[in-house]
Amino acid sequence: MHYLTEKDVEDNLDMKELIDLLQDVFREYGEGRASSSSRERTGRGKIMLNSMPAVSEKLGLAGLKTMMASESGKRSVVVYLFNSKTSELIAVIDGRRLSQIRTGALPAMVTRMLVDKKDPAFALIGSGHQAETQLSGMLAAFDLSDVRVYSSTYENAGKFAEKEGKKHGITIRAVREVKDALDGADIITTVTKSTEPIFSRKDLGDEYHVNLTGSNILSRREVTEDVLSNSDFLVVEHLEQAMKESTEIIELAGNHPKVEMHELKDIMSRPDIYSGKKRTVFKTMGIGLEDVAAGYLVLKNMGLF
């Protein structure tokens, strides 16, 4: 059994490679050869243990990610991977960096499927820890030359633009108003802890793709309902989990029952369903299958599996 550190993950988990693998793994999921359960939360007061299990026939792995939050406010994130043929525990992986990278990879994979432009204008709403890999995921999927970032604090947006611009060798424009980020944007990714909608349908153009990535807690919401109800294609990563954890999806289902929600695994081999759609939305909250796939790549690239 191997214990892998954050440095092991950093050195052996390539964003582009993970985006490509996630596309294969979700296609497998849609074919019934992989499974991923919705997040289970067990807790009392400020103590919370989350678990996210998954199995992939293609990868030969079963595993789960667990996240423990204690009364101290500190968190631990661990990914366990088992050989699905022998039941051997192969690895225990520090899951913090792994989670951050795969959180950026999945929206990039979905956006690459739905947006047929090589150089789209990209608006990033949020400038925190998770925003870093949302940007790097999009840079791995597209040739971006027009990148804007908005944060509730302009100073934070400016620091993010300077730091990430230097890291990637690109110009990132920090903006003071969300409307300036959205103006002419082809792709919008929200990665915030907002409890109030940041923008609505009227703030968007005639064509757009929105990734809602920031919330898996019912007290949060990032956009108004009409962003979803007026889309012409809505994708959810895991419908059961969305109906437990996403305020936007729960309220949409209750108020607009005729709006069709497509589960990601069901569209992977069906480009006829989404081809040509101009107003698309993807809601993601993270499932264990993504962590198993990311862990597999680390093991493979280290020559351990």
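Summary of the structure given here. (Residues numbered from 1 in each chain as written. Predicted model: local features only at pLDDT ≥ 70, side-chain atom pairs only at ≥ 80, totals over all residues. Heavy atoms only, no water.)

1. Considering helix H5 (residues 154-168)
Put simply, the rule is: Think of it this way: any DSSP run of H or I at least four residues long counts as a helix, any run of E at least two long counts as a strand, and we number them from the N terminus. How far a helix is expected to stretch is found by multiplying one less than its residue total by 1.5 Å. Any two residues having at least one pair of non-hydrogen atoms within 4.5 Å are treated as being in contact.
The end-to-end C-alpha distance of H5, which contains 15 residues, comes to 21 Å, matching closely the 21 Å that a straight helix rising 1.5 Å per residue would cover. In this fold, the buried residues of H5 make contact with strand E8 (122-125), helix H4 (129-141), strand E9 (147-150) and strand E10 (172-175). Gly 169 sits one or two positions beyond H5 and adopts a positive phi of about 70°.

2. A few points about the nonpolar core
Definition in use: Among the buried residues, those of types Ala, Val, Leu, Ile, Met, Phe, Trp, Tyr and Cys that are joined through side-chain atoms within 4.5 Å form a nonpolar core. Summary of the burial criterion: residues with accessible area below 20% of their type's maximum are buried, those above 50% are exposed, and those between are partly exposed, where the area comes from a 1.4 Å probe applied to protein chains only.
In this structure, Leu 13, Phe 26, Met 109 and Leu 264 are the most contacted members of the largest nonpolar core, which totals 63 residues. Element by element, the count of residues in this core is highest for helix H3 (residues 95-114), at nine residues. Val 175, Val 178, Leu 228 and Val 236 belong to the second-largest nonpolar core, a separate cluster that totals 24 residues.

3. Re the side chain of Asn 83
Note the cut-off: Two N or O atoms form a polar contact when they lie within 3.5 Å of each other; inside protein one atom must be a possible hydrogen donor and the other a possible acceptor, and for residues adjacent in sequence the pair counts only when both atoms belong to side chains.
Tracing the backbone through its elements, the reader meets Asn 83 in strand E6 (residues 75-83). Polar side-chain contacts of Asn 83 include one of 3.2 Å to the backbone nitrogen of Thr 86. Those residues in contact with Asn 83 that sit more than four places away from it in its chain are Gly 60, Glu 88, Ile 90 and Phe 305.

4. Some words on the pairing of E9
Side-chain positions along a regular strand alternate between the two faces of the sheet. In plain terms, the rule: We call a crossover right-handed when, viewed with the strands running away from us, the connection from the first strand over the helix to the second turns clockwise. Strands qualify as paired when DSSP identifies two bridges or more between them.
Both faces of E9 are covered, namely the face carrying Val 147 and Val 149 and the face carrying Arg 148 and Tyr 150. A crossover links E8 with its parallel partner E9, the connecting element being H4, and its sense is right-handed. Bridge count for E9 against E10 is four bridges, and the pairing is parallel. Looking at the pairing, Arg 148 lines up with Arg 173 of E10. With H5 bridging E9 and its parallel neighbour E10, the resulting β-α-β unit is right-handed.

5. A few points about the side chain of Arg 39
Within the secondary structure layout, Arg 39 lies in the loop between strand E2 (34-36) and strand E3 (40-44). For Arg 39, a relative accessible area of 7% translates into the label buried. One polar contact links Arg 39 to Glu 245, side chain to side chain, over a distance of 2.9 Å. Of note is the side chain of Arg 39, whose polar atom sits 2.9 Å from the backbone oxygen of Met 285. Residues within four places of Arg 39 in sequence aside, it is in contact with Asn 50, Ser 51, Met 52, Asn 216, Gln 241, Lys 244, Glu 245, Met 285 and Gly 286.

6. Considering the environment of Leu 204
Tracing the backbone through its elements, the reader meets Leu 204 in the loop between strand E11 (187-190) and strand E12 (208-212). Leu 204 gets classed as buried once you look at its relative accessible area, which sits at 9%. Spatially, the C-alpha atom of Leu 204 lies 20 Å from that of Thr 284, the residues being 80 residues apart in sequence. Not counting chain neighbours up to four residues away, the residues in contact with Leu 204 comprise Leu 182, Ile 188, Phe 199, Val 210 and Val 227.

7. Things to note about the pattern of salt bridges
The cut-off we apply is this: One speaks of a salt bridge when a side-chain nitrogen belonging to Lys or Arg is within 4 Å of a carboxyl oxygen belonging to Asp or Glu.
Counted according to the given criterion, the structure contains 27 salt bridges. Asp 94 is paired through a salt bridge with Arg 96; the nearest N and O atoms lie 2.8 Å apart. Between Glu 251 and Arg 221 there is a salt bridge, with the nearest N and O atoms lying 2.7 Å from each other. Remark: Arg 221 occurs in the loop between E12 and helix H7 (225-229) and Glu 251 occurs in helix H9 (residues 247-255); sequence separation between them is 30 residues. You can call Arg 221 buried: its relative accessible area is 16%.

Remember, this is a structural readout, not a statement about activity or role.
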